[in-house]
Structures are given as structure tokens and as C-alpha cells.
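What follows is each chain in one-letter form.
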Amino acid sequence: MKVLVTGVAGQLGHDVMNELAARGIAGVGSDLKEVYSGIADGSAVTTMPYVPIDITDADCVNRVLKETAPDAVVHCAAWTAVDLAEDTDKIAAVRRINADGTRNIAAACKELDCKMVYLSTDYVFDGQGETPWEPDCKDYKPLNVYGQTKLEGELAVSELLEKYFIVRIAWVFGKNGSNFIKTMLRLGKTHDTIRVVNDQIGTPTYTLDLARLLVDMIQTEKYGYYHATNEGGFISWYDFTKEIFRQAAARGQDVYSKVNVLPVTTEEYGVSKARRPFNSRLDKSKLAASGFTPLPHWQDALRRYLDEIPELLG
């Protein structure tokens with residue numbers, strides 16, 4: 001089996017490539033730059049084949065996929081800067097990447113009759129209520145440009161393909177890139193008090209765990225919509241921050257035990273340009289029902305992630 005992975009300079013693409021290598025599956029990494037310049041850690045991303053690709057260029061996508069001839073494409077590339085996406089001068093670019101770029105990938109997969117995994121988000125829903133969103137729910141109502149363009153990507157995949165996995169995730173963290181945990185660890189070293197919202201509820205997703213699931217998926221024909229975050233129940237960003245600091249302090253980093261974390265509402269916090277969902281709860285029961293192994297508990301994922309980034313704790 002050969003797998004093309006887009007967006008390998010990001011958190012998830014990096015880990016998918018490593019997971020493929022660990023299983024002896026041929027992987028080809030791709031991203032926008034001519035030469036990959038991600039983490040030079042001796043990982044699969046830096047040792048396996050790499051090809052530059054501009055997903056917004058349909059001719060480029062067709063050429064690369066035909067030359068690569070993958071059995072599956074794991075499409076991780078996306079515009080993920082949610083607030084920046086709201087800028088008037090950025091909206092067209094966001095749509096070219098998240099919607100048009102995804103359509104280009106899907107069209108090429110159709111031509112080659114290969115499988116496609118599309119990573120989507122709970123932002124395709126309106127984030128209201130307290131009931132977990134089910135994977136096959138079609139009650140779409142995105143609150144912001146990012147969510148709208150990711151939905152357009154979803155629709156392109158489902159319209160063009162039959163061999164697809166649309167996997168919605170939330171609150172992502174991984175080694176290769178910026179994320180909430182890294183931000184909190186940095187702030188915890190320089191601030192006595194940190195304000196964190198406590199009315200947005202969901203569950204974190206560790207890219208290392210997610211990568212394992214995605215590689216499991218592409219080796220099956222169990223196509224459709226799925227939700228995938230770590231297990232362990234639903235929490236707020238405030239709860240997550242408290243646990244980040246608790247685990248960091250338990251590793252001898254006393255500075256984190258002294259930080260005062262204050263819970264605030266989204267309205268009190270302000271700042272964000274993009275409207276954020278209050279309800280990011282995702283129903284993941286379809287994973288087990290389809291024979292896939294659910295992701296581990298988020299607290300365990302956090303512990304393993306802190307093992308992966310000791311340089312941020314030192």
C-alpha cells in the first residue's frame with residue numbers, strides 16, 4: 001500500500017507519516033514548500049519521499065497524484081488560523097485552500113479510484129446545546145469562515161467520492177506546530193494569573209493517537225463520517241489548563257503550581273474575531289461500532305505528549 005499525506009509540515013501530517021513508517025507502509029509526504037523544512041528529528045517526515053504540492057492548483061494536484069499513484073490520500077493540509085480567516089482580505093485564500101483545494105484532491109482521487117481521508121471539524125455545526133454531535137448529522141450551521149470552508153470541503157468529498165472517510169476532530173495538539181498546550185506552558189512561565197474560558201466544552205485530540213486511527217481506517221473499506229477525539233469525557237478549556245499545569249508541576253516544574261487559573265465566560269474573555277462553538281462535544285461511538293479502537297483517555301494523552309516535548313518544560 002502507498003499513501004500520500006498532505007500537510008506534513010503540520011501537527012497531524014507529521015505524525016501520520018511516522019505512523020506509516022512504523023508499520024512499514026510506503027508513505028509520500030507533501031506540502032507547499034519545495035523542500036520540507038519541518039522538525040529535523042530523524043522522523044519519517046524527513047527520511048521518507050517528499051513532493052511539493054499546491055493543493056489550490058488543480059493541474060499540480062492531478063500531476064502529483066498521477067505520478068505518485070497512491071492507494072489512499074490522507075488530506076491534512078488546511079488553513080487552520082481561525083481568527084485570521086475572518087479578515088476580509090484572507091477569506092478568498094481560506095476558501096481556495098479548505099474548499100477548492102480539497103475539491104482538487106477529491107477529484108484526483110476519483111480519477112485514480114483511490115481512498116481519501118479528509119480531516120474536518122466540529123466547527124461545521126453551530127456549537128449550541130449540550131448534546132454531542134453525531135457523525136452522520138447533517139444539521140450544518142457553521143459560525144465562522146473557517147467552519148464554512150471546512151464544510152465546503154466536506155461536501156466536495158462526499159459529492160465526488162464513494163471511497164472516503166470524513167473524520168471530524170477538535171482541540172488538536174501535537175509535536176510539530178503551535179497548539180493550546182504549548183501556549184499555556186509558555187504563559188505559565190511568565191504570568192501569575194491566566195484567564196481561561198470555561199463555557200466552551202469538548203475533548204482534546206492528540207495527533208499521535210489520531211494518526212494511528214487514520215492508518216487503521218485506510219486499511220479498511222469502512223467508509224463514511226466519523227468523529228475522533230481522545231476519550232475521557234468532556235471538559236472545558238479551563239479544565240484542560242488546570243490539568244496541563246497539574247501534570248507539569250508533578251514533573252518538578254513548580255512554577256506551574258503557583259499560577260492562578262481563573263475561569264471566565266467567552267463573553268468575558270473577548271479577544272476572538274471568529275465566533276467559537278460552546279458545544280464541541282463529538283459522539284465517537286461509531287468508531288467502536290465500526291471495529292476501530294477508540295483513542296486513549298485525554299489525560300493519558302497529555303502525559304505522553306509532555307514526554308514528547310521535554311524541552312518546553314525545562
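Everything discussed here concerns the structure shown above.
Residues numbered from 1 in each chain as written. Predicted model: local features only at pLDDT ≥ 70, side-chain atom pairs only at ≥ 80, totals over all residues. Heavy atoms only, no water.

**Here's the deal with the overall build of the protein**
A tally of regular secondary structure across the protein gives 11 helices and 15 strands. Rg of the C-alpha trace for the protein: 19 Å, near the compact-globule value of 20 Å for 314 residues, within the 12% margin. Overall size of the protein, expressed as C-alpha extent along the three principal axes, is 55 × 45 × 40 Å. Counting over 314 residues, the protein shows a buried share of 53%. Surface summary for the protein: the accessible area is close to 13,300 Å², and the carbon and sulfur share equals 50%. (Helix = DSSP H or I, 4+ residues; strand = E, 2+ residues; numbered from the N terminus. Rg over C-alpha atoms; globule rule 2.2 N^0.38 Å. Buried < 20%, exposed > 50% of the residue type's maximum accessible area, 1.4 Å probe, protein only. Areas by Shrake-Rupley, 256 points an atom, 1.4 Å probe, with all protein chains shown as cover.)

**Quick notes on the nonpolar core**
Membership of the largest hydrophobic core comes to 34 residues, with the highest contact counts inside it found for Ile 181, Leu 185, Phe 240, Ile 244 and Phe 245. Elements that contribute at least two residues to this core include exactly α6 (180-188), β8 (193-197), α8 (237-250), β14 (260-264) and α11 (298-308). If one sorts the elements of this core by residue count, α8 sits on top with 7 residues. Apart from residues no more than four positions distant in its own chain, Phe 240 is found in contact with Phe 173, Phe 180, Ile 181, Pro 204, Ile 235, Trp 298 and Leu 302. (Core = buried A, V, L, I, M, F, W, Y, C linked by side-chain atoms within 4.5 Å. Contact = heavy atoms within 4.5 Å.)

**Topic: the pairing of strand β1 (residues 2-6)**
Counting buried positions along β1 gives 4 out of 5 residues, so the element sits mostly inside the fold. Of the pairings in the sheet, the one linking β1 to strand β2 (residues 26-31) comprises 5 bridges and is parallel in character. If you follow Lys 2 over to β2, its bridge partner there is Ala 26. For the crossover that starts at β1, traverses helix α1 (residues 11-22) and ends in the parallel β2, the hand is right-handed. Sheet analysis places β1 next to strand β4 (residues 72-75), joined by 4 bridges and oriented parallel. Note on β4: the bridge partner recorded for Thr 6 is His 75. (Pairing = 2+ DSSP bridges. Right-handed = clockwise from strand over helix to strand, strands pointing away.)

**As for the packing of aromatic side chains**
Under the defined criterion, the tally for this structure stands at 16 aromatic pairs. Measuring from centroid to centroid gives 5.5 Å for Tyr 123 and Tyr 146, while their planes differ by 80°, and the two rings are edge-to-face. Pair noted here: Tyr 123 is in the loop between β5 (115-121) and α5 (145-160) and Tyr 146 is in helix α5, with a separation of 23 residues, a long-range link. For the pair Tyr 123 and Tyr 146, a shared accessibility class is recorded, and that class is buried. Between the aromatic rings of Phe 180 and Trp 237, the centroid separation amounts to 4.6 Å while the plane-to-plane angle is 50°, which identifies the pairing as tilted. With Phe 180 in helix α6 and Trp 237 in helix α8, this residue pair connects regions lying 57 residues apart in the sequence. (Phe/Tyr/Trp six-rings, centres within 6.5 Å; stacked < 30°, edge-to-face > 60°.)

**Describing the state of the cysteines**
Within the structure shown, the criterion is met by 0 disulfides. Of all cysteine sulfurs in the structure, the one in Cys 114 sits closest to Cys 109, which takes part in no disulfide; the separation is 3.6 Å. In this structure Cys 109 comes out as buried when scored by relative accessible area, which is 0%. (Disulfide = S-S within 2.5 Å.)

**Details of the pairing of β2**
With 5 of 6 residues buried, β2 is to be regarded as a mostly interior element. By the bridge criterion, 3 bridges tie β2 to strand β3 (residues 50-52) in an arrangement that is parallel. Following the sheet pairing, Asp 31 is matched in β3 by Pro 52.

**With respect to the environment of Gly 202**
Note on placement: Gly 202 falls in strand β9 (residues 201-202). Residue classification places Gly 202 among the buried residues on the basis of a relative accessible area of 0%. Beyond its immediate chain neighbours, meaning those up to four positions away, Gly 202 contacts Trp 171, Gly 233, Phe 234, Ile 235, Ser 280 and Arg 281.

**A word on the environment of Asp 54**
Along the chain, Asp 54 falls in the loop between β3 and α3 (58-68). In contact with Asp 54, other than residues within four places in its own chain, are Leu 32, Cys 60 and Val 61. For Asp 54, the side chain forms a polar contact with the side chain of Thr 56, separated by 2.6 Å. (Polar contact = N/O pair within 3.5 Å; in protein donor to acceptor, adjacent residues only side chain to side chain.)

**Quick word on the sheet that holds β1**
Taken together, the 7 strands give an open sheet; going across it, the order is β3-β2-β1-β4-β5-β6-β11, and neighbouring strands pair in parallel fashion. The open sheet terminates on both sides in strands that have one partner only, identified here as β3 and β11 (224-227). For this sheet, the mean angle separating the axes of adjacent strands, direction not counted, is 20°. Running at roughly 160° to β5, helix α4 (residues 91-112) makes contact with β1, β4 and β5 of the sheet. Contacts between α5 and the sheet are confined to β5, β6 (164-169) and β11, with β5 contributing the most and set at about 160° to the helix. (Axes fitted to C-alpha atoms, helices over the stretch in contact; angles between N-to-C directions.)

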